[in-house]
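Now for the letters of each chain:
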Amino acid sequence: MIYADNAATTKLDIDAFEAMKPFLLEEYANASQPYSFSRKVKKAILEARATIAMCIGALPEEIFFTSGGTESDNWAIKGTVFQNVTAGVITSQIEHHAVMNACAAVERQGVPVVYLPVDEQGIVHQESLKKVVTDYHRIVSIMYANNEVGTIQPIRELCEIAHQHNVIFHTDAVQAVAHVPINVHDLGLDMLSASAHKFNGMKGVGFLYIRKGIEIERYSDGGMQESGMRAGTENVAGIIAMAAALKKNCDCMEAYTSHMRRLKEIILCILSENMVDFICNGAPDALPGILSISFRNADGEKLLHRLDLMGVCVSTGAACDSRNTKVSHVLEAMRVPPEYAKGTIRISLGNGNTENDAVTITNALVKILTSKSMRDKRKD
Ligand code: PLP
């Protein structure tokens, strides 16, 4: 099996696993208890918080552990909006559903939400934010990098525009953290969402960076964990693994990035050599691991299933319902021509993928696309 769906989730890193293991089997104390058995756990959480903060240029007290990207996004948006429900939200048309549906939820409570358009590469232009943002908005939430096409946004510039109106700026950086260098301080960010399972940590754990001084409602009521902002016993092992995985990925980022760019080149080169009719979606300097390719007059779902039969895991940019193929909101917003959009797959590479994987995946794709049955279907 070749796994090329690392934007969906990644394999737990072995060193992260080793780091968390004692906290599952031996050091299982509740960090909030006063006895000495808890001390080691408390210290490990403190250290993990400091490691994570250092990796993104934050202060330890600005890191709040959550259950992952979805919770972080919901907290950032609802936690700021519900302090002042007359103020509006600005986001983009290509956000992940965690942001999209959080925005839909606040809209149902009467909060106005503006969805900024993107260009053909999936970029939010500064001008479009300048046109709509006012001092009456509460939060601008624009993703750092898109999960379907990998396009990276001009976050620093967009953040500056929001700040000119004293509006809070949040970024969903779930796909970007540990994959591209991020310094929240240099970027001027107020909030940032991250999720451990996108960078070889565990599923069900993540964090929200909240800049000191930002006013936000607490996420949950209960105990005093996370400085009283997010009650609930910590996922200790998950937090330890997240810090270890983040540190390792940040330390190896350059090597991982050039490796994945090389794999992408191999895939595109083989497709071109075989004269397959395709386009690449997203900006040329997109995330190193994500490759969104649309094949003319193909069916993304059928491609996915045929690849699955050949032992290759990828995902699509279009899904079939009972009657027709529905193109994703991201490809639609980017105005990918329908004859290509329906035949989109996302190959998302991880640091465990090899050059051989890239060759095997692409040869499988070429075989499917040039097979007689697929050619006949494409003519229909
Ligand atoms: N935001 C983005 C951009 C994502 O890609 C994802 C997951 O795919 C999420 C948020 C949700 O993260 P989680 O799975 O940790 O809830």
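Residues numbered from 1 in each chain as written. Predicted model: local features only at pLDDT ≥ 70, side-chain atom pairs only at ≥ 80, totals over all residues. Heavy atoms only, no water.

Colleague: Before we go on, may I ask you to explain unusual backbone geometry in this structure?
Modeller: In terms of backbone geometry, most residues other than glycine have negative phi values and most peptide bonds are trans. Positive phi, normally seen in glycine, also occurs at methionine 275, with a value near 55°. Checked against the element boundaries, methionine 275 lands in the loop between α9 (253-273) and β9 (278-281). Positive phi values are uncommon outside glycine, yet arginine 335 reaches one of about 55°. Locating arginine 335 in the fold gives a position in the loop between α11 (329-333) and α12 (338-341). (Helix = DSSP H or I, 4+ residues; strand = E, 2+ residues; numbered from the N terminus.)

Colleague: Would you explain the site of the ligand in this entry?
Modeller: The immediate surroundings of the ligand are formed by 13 residues, with Thr70, Asp172, Gln175, Ser195 and Lys198 found nearest. Separating an oxygen atom of the ligand from a side-chain N or O atom of glutamine 175 is a distance of 2.8 Å. Between lysine 198 and the ligand, the recorded distance is 2.6 Å, taken from a side-chain N or O atom to an oxygen atom. Coverage of the ligand by the protein chains reaches 85% of its 390 Å² of free accessible surface. Sorting elements by how many residues they give to the shell around the ligand places helix α3 (residues 69-81) first, with 3 residues. (Near = heavy atom within 4 Å. Polar contact = N/O pair within 3.5 Å; in protein donor to acceptor, adjacent residues only side chain to side chain. Areas by Shrake-Rupley, 256 points an atom, 1.4 Å probe, with all protein chains shown as cover.)

Colleague: Sorry if this is basic, but what is going on with the sheet that holds strand β6 (residues 168-172) here?
Modeller: Sheets are built from strands paired through backbone hydrogen bonds, the pairs being either parallel or antiparallel. An order of β2-β8-β7-β6-β5-β3-β4 is seen for the 7 strands of this open sheet, with the pairing classed as mixed. The outermost strands of the open sheet, each flanked by one partner alone, are β2 (63-66) and β4 (113-116). Strand-to-strand twist across the sheet, computed as the mean angle between neighbouring axes with direction ignored, equals 20°. Taken together, the 3 bridges between strand β5 (residues 137-141) and β6 define a ladder with parallel strand orientation. Residue serine 141 lies in a different strand from β6, and its bridge partner there is histidine 170. Along the sheet, helix α4 (residues 97-108) makes contact with β3 (88-92), β4, β5 and β6, crossing β4 at roughly 150°. (Pairing = 2+ DSSP bridges. Axes fitted to C-alpha atoms, helices over the stretch in contact; angles between N-to-C directions. Contact = heavy atoms within 4.5 Å.)

Colleague: It is not clear to me how α4 should be interpreted in this structure. Could you clarify?
Modeller: An α-helix turns once per 3.6 residues; consequently, residues spaced three or four apart project the same way. When the terminal C-alpha atoms of α4 are compared, their 16 Å separation across 12 residues agrees well with the 16 Å that a helix rising 1.5 Å per residue should span. Among the residues making up α4, those that are buried are Ala98, Val99, Met100, Ala102, Cys103, Ala105 and Val106. Taken together, the buried residues of α4 touch α3, β3, β4, β5, β6 and α11. Trailing α4 by a residue or two, glycine 110 shows a phi angle of about 95°, which is positive. (Expected span 1.5 Å × (residues − 1). Buried < 20%, exposed > 50% of the residue type's maximum accessible area, 1.4 Å probe, protein only.)

Colleague: I tried to follow the environment of valine 327 on my own but got confused; where do I start?
Modeller: Tracing the sequence through the fold places valine 327 in strand β14 (residues 325-327). When the C-alpha positions of valine 327 and alanine 48 are compared, they lie 40 Å apart, and in sequence the two are 279 residues distant.

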